[in-house]
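Notes for the structure review
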Amino acid sequence: MFTIGDFARHGRVSVRMLRHYDAIGLLRPARVDPHSGYRFYTADQLALLNRVIALKDLGFTLERVGEILDEKFDADELRGMLRLRQAELEAALAEARARLAQVGARLRAIESEGRMSTQDVVVKKIPAVRIAELSAVAASFGPHDIGPVVGPLYDELCGRLEAAGVTGFGPGIAYYEDAGRGDGSVLVHAGMTVPEGTAAEGVEVHVLPGIEEAATVVHRGSMDTILPTAQTLAHWIEANGYVSQRYARELYLECPEDRSQWVTEIQEAITRA
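Remember, it's a predicted structure, so these values are computed and weren't measured experimentally.

Basis of the calculations
- Residues numbered from 1 in each chain as written.
- Predicted model: local features only at pLDDT ≥ 70, side-chain atom pairs only at ≥ 80, totals over all residues.
- Heavy atoms only, no water.
- Helix = DSSP H or I, 4+ residues; strand = E, 2+ residues; numbered from the N terminus.
- Rg over C-alpha atoms; globule rule 2.2 N^0.38 Å.
- Buried < 20%, exposed > 50% of the residue type's maximum accessible area, 1.4 Å probe, protein only.
- Contact = heavy atoms within 4.5 Å.
- Polar contact = N/O pair within 3.5 Å; in protein donor to acceptor, adjacent residues only side chain to side chain.
- Core = buried A, V, L, I, M, F, W, Y, C linked by side-chain atoms within 4.5 Å.
- UniProt positions renumbered as here; feature names shortened; annotations may be inferred.
- Phe/Tyr/Trp six-rings, centres within 6.5 Å; stacked < 30°, edge-to-face > 60°.
- Pairing = 2+ DSSP bridges.
- Salt bridge = Lys/Arg side-chain N within 4 Å of Asp/Glu carboxyl O.

**Some points on the overall build of the protein**
- Scanning the protein from terminus to terminus reveals eight helices and 12 strands.
- Taking 273 residues into account, the globule formula puts the C-alpha radius of gyration at 19 Å, and the protein, at 19 Å, falls close to it.
- Based on the C-alpha atoms only, the size of the protein along its principal axes is roughly 60 × 50 × 40 Å.
- Going through the 273 residues of the protein one by one, you find that 47% of them count as buried.
- For the protein, restricting intrachain contacts to residue pairs at least 6 apart in sequence, the fraction spanning at least 24 positions comes to 70%.

As C-alpha coordinates, then:
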(Lines give C-alpha, C1' and ligand atoms only; values in the text may rest on other atoms or scores of the structure.)
Protein backbone atom coordinates (compact mmCIF):
# COMPACT_ATOMS: atom_id res chain seq x y z
CA MET A 1 0.00 0.00 0.00
CA PHE A 2 0.97 3.64 -0.46
CA THR A 3 0.85 6.44 2.08
CA ILE A 4 -1.36 9.34 1.04
CA GLY A 5 1.75 11.32 0.07
CA ASP A 6 3.14 8.53 -2.13
CA PHE A 7 -0.28 7.91 -3.72
CA ALA A 8 -0.64 11.63 -4.45
CA ARG A 9 2.74 11.67 -6.22
CA HIS A 10 1.90 8.65 -8.36
CA GLY A 11 -1.52 10.07 -9.22
CA ARG A 12 -0.04 13.52 -9.88
CA VAL A 13 -2.53 15.21 -7.54
CA SER A 14 -2.19 17.01 -4.22
CA VAL A 15 -2.59 15.45 -0.78
CA ARG A 16 -5.15 18.14 -0.01
CA MET A 17 -7.22 17.01 -3.01
CA LEU A 18 -7.16 13.37 -1.83
CA ARG A 19 -8.26 14.41 1.64
CA HIS A 20 -11.15 16.35 0.11
CA TYR A 21 -12.17 13.37 -2.05
CA ASP A 22 -12.14 11.22 1.09
CA ALA A 23 -14.23 13.74 3.02
CA ILE A 24 -16.97 13.82 0.37
CA GLY A 25 -16.91 10.04 -0.16
CA LEU A 26 -15.59 10.20 -3.72
CA LEU A 27 -12.35 8.28 -3.19
CA ARG A 28 -11.97 6.57 0.17
CA PRO A 29 -8.56 5.22 1.26
CA ALA A 30 -8.20 1.44 1.18
CA ARG A 31 -7.27 1.50 4.86
CA VAL A 32 -7.12 4.01 7.69
CA ASP A 33 -4.89 3.25 10.65
CA PRO A 34 -7.22 3.17 13.68
CA HIS A 35 -4.56 4.62 15.98
CA SER A 36 -2.79 7.27 13.87
CA GLY A 37 -5.57 8.05 11.39
CA TYR A 38 -3.07 7.77 8.53
CA ARG A 39 -4.65 6.98 5.15
CA PHE A 40 -3.31 4.21 2.88
CA TYR A 41 -4.14 3.55 -0.77
CA THR A 42 -3.47 0.74 -3.27
CA ALA A 43 -2.17 0.98 -6.83
CA ASP A 44 -5.52 -0.33 -8.10
CA GLN A 45 -7.17 2.85 -6.80
CA LEU A 46 -5.24 4.85 -9.41
CA ALA A 47 -7.89 3.66 -11.90
CA LEU A 48 -10.65 5.37 -9.90
CA LEU A 49 -8.52 8.48 -9.42
CA ASN A 50 -7.93 8.67 -13.20
CA ARG A 51 -11.70 8.60 -13.79
CA VAL A 52 -12.37 11.27 -11.17
CA ILE A 53 -9.76 13.66 -12.65
CA ALA A 54 -10.82 12.97 -16.25
CA LEU A 55 -14.49 13.67 -15.50
CA LYS A 56 -13.64 16.76 -13.46
CA ASP A 57 -11.58 18.04 -16.41
CA LEU A 58 -14.65 17.55 -18.60
CA GLY A 59 -16.35 20.19 -16.45
CA PHE A 60 -18.53 17.95 -14.26
CA THR A 61 -19.05 18.97 -10.64
CA LEU A 62 -17.67 16.56 -8.06
CA GLU A 63 -21.23 15.70 -7.08
CA ARG A 64 -22.01 14.73 -10.68
CA VAL A 65 -18.70 12.84 -10.92
CA GLY A 66 -19.82 10.73 -7.97
CA GLU A 67 -23.17 10.01 -9.64
CA ILE A 68 -21.46 9.01 -12.90
CA LEU A 69 -19.05 6.69 -11.13
CA ASP A 70 -21.96 5.09 -9.26
CA GLU A 71 -23.49 4.31 -12.67
CA LYS A 72 -20.32 2.32 -13.53
CA PHE A 73 -19.49 3.94 -16.87
CA ASP A 74 -16.97 1.77 -18.72
CA ALA A 75 -13.79 2.87 -20.50
CA ASP A 76 -15.53 3.14 -23.91
CA GLU A 77 -18.12 5.57 -22.58
CA LEU A 78 -15.48 7.60 -20.79
CA ARG A 79 -13.42 7.64 -23.98
CA GLY A 80 -16.35 9.17 -25.84
CA MET A 81 -16.66 11.92 -23.26
CA LEU A 82 -12.95 12.64 -23.37
CA ARG A 83 -12.89 12.80 -27.16
CA LEU A 84 -15.65 15.40 -27.05
CA ARG A 85 -13.48 17.40 -24.66
CA GLN A 86 -10.53 16.98 -27.04
CA ALA A 87 -12.50 18.59 -29.87
CA GLU A 88 -13.31 21.58 -27.66
CA LEU A 89 -9.72 21.99 -26.46
CA GLU A 90 -8.27 21.92 -29.97
CA ALA A 91 -9.95 25.27 -30.62
CA ALA A 92 -8.88 26.78 -27.30
CA LEU A 93 -5.82 28.81 -26.29
CA ALA A 94 -2.29 27.38 -25.93
CA GLU A 95 -2.72 27.00 -22.18
CA ALA A 96 -5.78 24.82 -22.74
CA ARG A 97 -3.91 22.72 -25.34
CA ALA A 98 -1.45 21.66 -22.63
CA ARG A 99 -4.37 20.42 -20.55
CA LEU A 100 -5.62 18.49 -23.59
CA ALA A 101 -2.46 16.41 -23.58
CA GLN A 102 -2.91 15.71 -19.87
CA VAL A 103 -6.50 14.57 -20.43
CA GLY A 104 -5.16 12.27 -23.13
CA ALA A 105 -2.66 10.84 -20.67
CA ARG A 106 -5.46 10.10 -18.19
CA LEU A 107 -7.37 8.43 -20.99
CA ARG A 108 -4.45 6.19 -21.91
CA ALA A 109 -4.04 5.21 -18.27
CA ILE A 110 -7.73 4.21 -18.18
CA GLU A 111 -7.48 2.27 -21.44
CA SER A 112 -4.42 0.36 -20.24
CA GLU A 113 -6.19 -1.01 -17.16
CA GLY A 114 -5.97 -4.79 -16.99
CA ARG A 115 -3.37 -5.03 -19.74
CA MET A 116 0.17 -6.26 -19.22
CA SER A 117 2.56 -3.36 -19.68
CA THR A 118 5.20 -3.61 -22.39
CA GLN A 119 7.42 -1.16 -20.52
CA ASP A 120 10.42 -2.69 -18.77
CA VAL A 121 11.16 -1.57 -15.22
CA VAL A 122 14.83 -1.88 -14.29
CA VAL A 123 16.20 -1.68 -10.74
CA LYS A 124 19.66 -0.15 -10.60
CA LYS A 125 22.04 2.07 -8.68
CA ILE A 126 22.14 5.70 -9.82
CA PRO A 127 25.57 7.33 -9.42
CA ALA A 128 26.12 10.80 -8.00
CA VAL A 129 26.52 13.48 -10.65
CA ARG A 130 27.65 17.10 -10.75
CA ILE A 131 24.89 19.43 -11.91
CA ALA A 132 24.22 23.13 -12.41
CA GLU A 133 20.66 24.03 -11.49
CA LEU A 134 17.99 26.65 -11.07
CA SER A 135 14.89 26.10 -8.96
CA ALA A 136 11.40 27.52 -8.50
CA VAL A 137 8.11 26.58 -6.85
CA ALA A 138 5.18 24.98 -8.72
CA ALA A 139 1.66 24.99 -7.28
CA SER A 140 1.44 21.17 -7.42
CA PHE A 141 3.06 18.06 -8.90
CA GLY A 142 0.46 17.97 -11.67
CA PRO A 143 1.79 18.31 -15.24
CA HIS A 144 -0.28 21.49 -15.76
CA ASP A 145 1.66 23.15 -12.91
CA ILE A 146 5.10 21.57 -13.45
CA GLY A 147 5.38 22.26 -17.20
CA PRO A 148 5.06 26.07 -17.04
CA VAL A 149 7.76 26.14 -14.34
CA VAL A 150 10.36 23.61 -15.50
CA GLY A 151 10.41 24.76 -19.14
CA PRO A 152 11.40 28.39 -18.45
CA LEU A 153 13.90 27.20 -15.80
CA TYR A 154 15.74 25.14 -18.42
CA ASP A 155 15.65 28.00 -20.95
CA GLU A 156 17.20 30.31 -18.35
CA LEU A 157 19.72 27.72 -17.16
CA CYS A 158 21.00 26.91 -20.64
CA GLY A 159 21.27 30.59 -21.46
CA ARG A 160 23.36 31.29 -18.35
CA LEU A 161 25.65 28.32 -18.97
CA GLU A 162 26.22 29.37 -22.58
CA ALA A 163 26.87 32.98 -21.50
CA ALA A 164 29.50 31.67 -19.07
CA GLY A 165 31.20 29.76 -21.88
CA VAL A 166 30.34 26.35 -20.45
CA THR A 167 30.40 23.60 -23.08
CA GLY A 168 29.60 19.91 -23.03
CA PHE A 169 26.78 20.18 -20.49
CA GLY A 170 23.80 17.84 -20.33
CA PRO A 171 21.78 15.71 -20.18
CA GLY A 172 19.17 17.41 -18.05
CA ILE A 173 18.00 16.05 -14.70
CA ALA A 174 14.89 17.35 -12.94
CA TYR A 175 14.11 16.46 -9.34
CA TYR A 176 11.43 17.55 -6.93
CA GLU A 177 10.68 18.00 -3.24
CA ASP A 178 7.89 19.40 -1.12
CA ALA A 179 8.08 23.18 -0.92
CA GLY A 180 7.25 23.04 2.79
CA ARG A 181 4.28 25.40 2.59
CA GLY A 182 1.66 22.82 3.51
CA ASP A 183 -0.40 23.58 0.38
CA GLY A 184 0.82 20.82 -1.94
CA SER A 185 3.31 23.07 -3.73
CA VAL A 186 6.51 21.52 -5.04
CA LEU A 187 10.07 22.85 -5.32
CA VAL A 188 11.23 22.15 -8.89
CA HIS A 189 14.96 21.69 -9.52
CA ALA A 190 15.99 21.94 -13.17
CA GLY A 191 19.55 20.69 -13.56
CA MET A 192 22.13 19.99 -16.24
CA THR A 193 25.12 17.70 -15.76
CA VAL A 194 28.29 19.77 -16.02
CA PRO A 195 32.06 19.19 -15.88
CA GLU A 196 34.08 19.87 -12.75
CA GLY A 197 35.02 23.51 -12.30
CA THR A 198 31.82 24.84 -13.88
CA ALA A 199 30.68 28.25 -12.66
CA ALA A 200 27.97 30.57 -13.97
CA GLU A 201 26.33 33.67 -12.52
CA GLY A 202 23.16 32.94 -10.57
CA VAL A 203 23.47 29.17 -11.02
CA GLU A 204 23.95 26.67 -8.19
CA VAL A 205 26.55 23.98 -8.96
CA HIS A 206 26.68 20.92 -6.69
CA VAL A 207 26.89 17.15 -6.64
CA LEU A 208 23.47 15.54 -6.77
CA PRO A 209 23.63 12.45 -4.52
CA GLY A 210 23.20 9.07 -6.12
CA ILE A 211 20.37 6.64 -5.43
CA GLU A 212 21.39 3.31 -3.90
CA GLU A 213 18.40 1.47 -5.35
CA ALA A 214 16.09 2.99 -7.96
CA ALA A 215 13.22 1.60 -10.01
CA THR A 216 13.55 3.08 -13.49
CA VAL A 217 11.43 3.08 -16.62
CA VAL A 218 11.83 4.86 -19.96
CA HIS A 219 9.08 7.20 -21.19
CA ARG A 220 8.91 8.00 -24.90
CA GLY A 221 6.96 11.12 -25.79
CA SER A 222 6.06 14.54 -24.47
CA MET A 223 6.21 15.12 -20.72
CA ASP A 224 2.53 16.09 -20.95
CA THR A 225 1.82 12.37 -21.59
CA ILE A 226 4.04 10.90 -18.86
CA LEU A 227 1.20 9.83 -16.56
CA PRO A 228 0.64 6.25 -17.88
CA THR A 229 4.39 5.54 -17.70
CA ALA A 230 4.63 6.94 -14.17
CA GLN A 231 1.67 4.85 -13.05
CA THR A 232 3.14 1.72 -14.66
CA LEU A 233 6.10 2.30 -12.36
CA ALA A 234 3.77 2.74 -9.36
CA HIS A 235 2.07 -0.60 -10.06
CA TRP A 236 5.44 -2.33 -10.43
CA ILE A 237 6.74 -0.90 -7.14
CA GLU A 238 3.74 -2.14 -5.19
CA ALA A 239 3.56 -5.54 -6.96
CA ASN A 240 7.21 -6.27 -6.23
CA GLY A 241 7.18 -5.47 -2.52
CA TYR A 242 8.84 -2.06 -2.58
CA VAL A 243 7.86 1.38 -1.30
CA SER A 244 8.86 4.66 -2.86
CA GLN A 245 11.02 7.04 -0.84
CA ARG A 246 10.55 10.38 -2.56
CA TYR A 247 9.51 12.12 -5.75
CA ALA A 248 10.89 10.49 -8.90
CA ARG A 249 13.72 12.12 -10.84
CA GLU A 250 13.55 12.66 -14.59
CA LEU A 251 16.66 12.12 -16.74
CA TYR A 252 16.15 13.68 -20.17
CA LEU A 253 18.01 11.35 -22.54
CA GLU A 254 16.84 12.80 -25.86
CA CYS A 255 15.14 16.18 -26.30
CA PRO A 256 14.61 17.01 -30.00
CA GLU A 257 12.45 19.93 -31.16
CA ASP A 258 9.54 17.53 -31.66
CA ARG A 259 8.50 16.86 -28.06
CA SER A 260 6.62 13.73 -29.08
CA GLN A 261 10.05 12.20 -29.79
CA TRP A 262 11.51 12.91 -26.35
CA VAL A 263 13.06 10.03 -24.40
CA THR A 264 13.03 10.37 -20.59
CA GLU A 265 14.08 7.95 -17.87
CA ILE A 266 12.02 8.11 -14.66
CA GLN A 267 14.13 7.22 -11.61
CA GLU A 268 12.37 6.51 -8.32
CA ALA A 269 14.23 5.73 -5.10
CA ILE A 270 12.82 2.57 -3.50
CA THR A 271 13.27 0.37 -0.48
CA ARG A 272 11.79 -2.95 0.58
CA ALA A 273 8.40 -2.72 2.28
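There is more to say, and it comes next.
**With respect to the side chain of S140**
- Assignment of secondary structure puts S140 in the loop between strand 5 (129-138) and helix 7 (143-163).
- Here the side chain of S140 touches G142 through a polar contact of 3.1 Å, landing on its backbone nitrogen.
- Among the polar contacts made by the side chain of S140, one reaches the side chain of D145 at a distance of 2.6 Å.
- The residues touching S140, leaving out its near neighbours within four places in the chain, are D145, I146, G184, S185 and V186.

**Quick notes on the environment of V149**
- Note on placement: V149 falls in helix 7.
- Sequence separation of V149 and Q231 is 82 residues, and the distance between their C-alpha atoms is 22 Å.

**Topic: the nonpolar core**
- Grouped together as the largest cluster of nonpolar side chains are 37 residues, with contacts concentrated most on Y154, L157, L161, Y176, V188 and Y252.
- Within the residue set of this core, elements represented by two or more residues are strand 5, helix 7, strand 6 (172-178), strand 7 (186-193), strand 9 (211-220), helix 8 (227-239) and strand 12 (263-272).
- Considering each element in turn, this core owes the most residues, eight residues, to helix 7.
- Residue contacts for L161: discarding those within four places in its chain leaves A132, V166, F169, M192, V194, T198 and A200.
- In this structure, A8, L27, Y41 and V52 belong to the second largest nonpolar core, which totals 28 residues.

**Regarding the UniProt feature "domain: HTH merR-type" (unreviewed entry) in the protein**
- Residues annotated by UniProt as "domain: HTH merR-type" (unreviewed entry) correspond here to residues 1-71.
- Along residues 1-71 the backbone is 55% helical and 10% strand, and the end-to-end C-alpha distance reaches 27 Å.

**Details of the packing of aromatic side chains**
- All chains considered together, the criterion is met by six aromatic pairs.
- Relative to Y41, the ring of F7 lies with its centre 4.6 Å away and its plane at 10°, an arrangement referred to as stacked. With F7 in helix 1 (residues 4-11) and Y41 in strand 3 (residues 39-41), this residue pair connects regions lying 34 residues apart in the sequence. Both residues of the pair, F7 and Y41, count as buried.
- With centroids separated by 5.8 Å and ring planes inclined at 85°, the aromatic side chains of Y154 and Y252 adopt a geometry described as edge-to-face.

**Here's the deal with the pairing of strand 7**
- Of all eight residues making up strand 7, seven are buried, and the element is well covered by its neighbours.
- The pairing of strand 5 with strand 7 spans eight bridges and is antiparallel. Looking at the pairing, I131 lines up with T193 of strand 7.
- Taken together, the seven bridges between strand 6 and strand 7 define a ladder with antiparallel strand orientation. Across the sheet, residue E177 finds its bridge partner in strand 7, namely L187.

**What to know about the pattern of salt bridges**
- Applying the stated criterion to the full structure yields seven salt bridges.
- D22 is paired through a salt bridge with R39; the nearest N and O atoms lie 2.8 Å apart. A residue pair is termed long-range when its members are at least 10 positions apart, and D22 in helix 2 (residues 15-23) and R39 in strand 3 qualify at 17 residues.
- A relative accessible area of 25% places R39 in the partly exposed class.
- One salt bridge connects K124 with E265, and the closest N-O pair in it is separated by 2.8 Å.

**Focus on the sheet that holds strand 1 (residues 2-3)**
- Strand order in the open sheet formed by three strands is 1-3-2, and the pairing between neighbours is antiparallel. In this open sheet, the two edge strands, each paired with only one partner strand, are strand 1 and strand 2 (31-32).

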